[in-house]
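What the coordinates show
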Amino acid sequence: MQITILGSGTCVPSLERSAACIQVADGRTTVVLDTGPGSLRQLLRAGTEINAIDLLCYTHLHVDHTADFVPLLFASKYAPLPRTRELAIMAAPGFRDFYNSLMHAYGDWIVPENHALTWLEAGQPAVVGSLTITTAPVRHTQHSIAFRLADSSGTSMVYSGDTDLCRDIITLAAGCDMLILECSFPDSDYREGHLTPERAGTIAAEAGCRQLMLTHFYPECDPQQAVCSAGKHFGGYIHAGYDLLKINI
Ligand SMILES: [Zn+2]
Ligand SMILES: [Zn+2]
């Protein structure tokens, strides 16, 4: 299973860190989790053809996680090689209404013509290609969810989206090979609904994951300091995520 951090940043415009977007691929199935603004160009930089994506996952409706959904649909329809393969979507509650609202705004321009859109119910395990996907609610907005993806050999990764410390993310991440957690703010600047490095380290330790990846850094959160701070609680390897980082697990 290969994980690519396409965007390790937030809503803050940055030349170094694109907004939230993560790709998981195992050679047979390609999943993209969140598509914040700039994600289409990040996919291009990572060498991913958008028509190769099998499943889009959305953790919540905030703009730094969803903005490139519309450009993706538009490009799937009007780029020189329009998409013909089915595209599955598994998203936080409310996302289908969000899509319907977008259709009101953009009309047929974003309604697929040559491929099916398949909506998978979050809350129930789903199998897409070679991967099994499960979700859990997390503590951020009212309807935020985190995702766990596992391949047939049992290798697994968990992506928190935005969250605060909560029991559900610990349970979802239990024993996973790679836990990707948001790490918005430094320990000295805790804000409800987001993680600090120490809180991220606590989740990783309690979940018993093998490796931890920190991402979603606001500019005031220094990634290297965050790794040290999370390491006070978690003894496994800790990565400071950056754009286009690829890791095989
Ligand atoms: Zn965010
Ligand atoms: Zn958010």
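This one's a predicted model, so the numbers in the text were calculated from it and none came from an experiment.

Looking only at helices and strands, the chain has 7 helices and 14 strands in total. Its C-alpha atoms give the chain principal-axis dimensions of roughly 50 × 40 × 35 Å. Expressed as a percentage of its 249 residues, the buried residues of the chain come to 55%. On the chain, roughly 10600 Å² of surface is accessible, and the fraction owed to carbon and sulfur atoms is 52%. Where the 16 positive side-chain charges of the chain centre and where its 26 negative ones centre are 4 Å apart.

What follows concerns unusual backbone geometry. Note: most residues except glycine have negative phi, and most peptide bonds are trans. The residue Asp34 is not glycine, and still its phi comes out positive at about 65 degrees. One can find Asp34 in the loop between β3 (30-33) and α1 (39-45). Under the relative-accessibility criterion, Asp34 is labelled buried at 0%. The phi dihedral of His216 is positive, around 60 degrees, even though this residue is not glycine. Locating His216 in the fold gives a position in the loop between β12 (211-215) and α7 (223-230).

The next subject is the pairing of strand β9 (residues 145-150). Counting buried positions over the 6 residues of β9 gives 6, a clear majority of the element. Alternating residues of β9 divide into Ile145, Phe147 and Leu149 and Ala146, Arg148 and Ala150, and every residue in both groups is buried. Note: strand β8 (residues 131-137) against β9, 6 bridges, orientation antiparallel. The residue bridging Thr132 from the neighbouring strand is Ala150, located in β9. Bridge analysis of β9 against strand β10 (residues 156-159) gives 4 bridges, and the strand direction is antiparallel. Note that in β10 the partner of Arg148 across the bridge is Val158.

One way to put it is that helix α3 (residues 69-78) packs onto helix α4 (residues 95-106) with a least axis distance of 12 Å and a crossing angle of 60 degrees. Taken together, the axes of α3 and α4 are oblique relative to one another. Between α3 and α4 lies a crossing of right-handed hand. Mapping the contact onto sequence places Phe69, Val70 and Leu73 in α3 and Phe95, Phe98, Tyr99, Leu102 and Tyr106 in α4. Residue composition of the contact of α3 with α4, grouped by class: 8 nonpolar, no polar and no charged.

Moving on: the pairing of β12. Every regular strand shows the same layout, with side chains that alternate between the two sheet faces. Across the 5 residues that make up β12, a large majority, 4, are buried. A crossover links strand β11 (residues 178-182) with its parallel partner β12, the connecting element being helix α6 (residues 197-207), and its sense is right-handed. By the bridge criterion, 4 bridges tie β12 to strand β13 (residues 237-240) in an arrangement that is parallel. Counted as the bridge partner of Leu212 is Ile238 from β13.

Turning next to the coordination of the zinc ion (ligand 2). Ligation of the zinc ion (ligand 2) by protein atoms is provided by His60 (NE2), His62 (ND1), His140 (NE2) and Asp162 (OD), these donors lying 2.1 to 2.3 Å from the ion. In this structure, the zinc ion (ligand 2) is coordinated by 4 donor atoms arranged in irregular fashion, with angles at the metal of 93 to 165 degrees. Mapped onto the sequence, the donors of the zinc ion (ligand 2) take the spacing H-x1-H-x77-H-x21-D. Between the zinc ion (ligand 2) and the zinc ion (ligand 1), a separation of 3.6 Å is found, and both are coordinated by Asp162. Residue His60 is found in the loop between β4 (55-58) and α2 (63-66), and its partner His140 is found in the loop between β8 and β9; the two are separated by 80 residues along the sequence.

Basis of the calculations
- Position numbers for residues count from 1 along each chain, tracking the sequence in the order it is written.
- Chain A is the first chain written and ligand 1 is the first ligand written, with later ones labelled in order.
- In keeping with the predicted nature of the model, local features appear solely for residues at pLDDT of at least 70, side-chain atom pairs appear and are counted solely at 80 or more, and the whole-chain, interface and lining totals rest on all residues.
- Computation of side-chain values: all heavy atoms of the structure, hydrogens and water removed.
- Elements are defined by DSSP. Helices are runs of H or I of four residues or more, strands are runs of E of two residues or more, and each kind is numbered from the N terminus.
- Exposure is judged per residue with a 1.4 Å probe applied to protein chains only, and the accessible area is read against the type maximum: over 50% gives exposed, under 20% gives buried, and values in between give partly exposed.
- In short, Shrake-Rupley with a 1.4 Å probe defines the accessible areas, and a residue's cover is counted only from the protein chains shown.
- We score Asp and Glu as negative and Lys and Arg as positive, and we do not count His or the chain ends.
- A single reference atom marks each charge: NZ on Lys, CZ on Arg, CG on Asp, CD on Glu.
- At least two DSSP bridges between two strands are needed for those strands to be called paired.
- Here, axes are lines fitted to C-alpha atoms. For helices the fit covers the stretch in contact, and angles between N-to-C directions go from 0 to 180 degrees.
- Roughly parallel covers angles under 35 degrees, roughly antiparallel covers those over 145, roughly perpendicular covers 65 to 115, and oblique covers all other angles.
- Left-handed describes a crossing whose near helix is turned anticlockwise from the far helix through less than a right angle; right-handed describes the clockwise counterpart.
- Working rule for contacts: check all heavy atoms of both residues, and any pair within 4.5 Å makes them a contact.
- As a working rule, the residues Ala, Val, Leu, Ile, Met, Phe, Trp, Tyr, Cys and Pro are called nonpolar, Asp, Glu, Lys and Arg charged, and the rest polar, with Gly in that last group.
- If the strands point away from the viewer and the path from the first strand over the helix to the second runs clockwise, then the crossover is right-handed.
- Water is absent from the atoms considered, so a metal site may look incomplete; donors are defined as N, O and S atoms within 2.8 Å of the metal, or 3.2 Å for Na, K and Ca.
- Note on geometry labels: four donors, all angles 85 to 135 degrees, give tetrahedral; four donors become square planar and six octahedral when opposite donors are over 155 degrees apart and every other angle is between 65 and 115; remaining cases are irregular.

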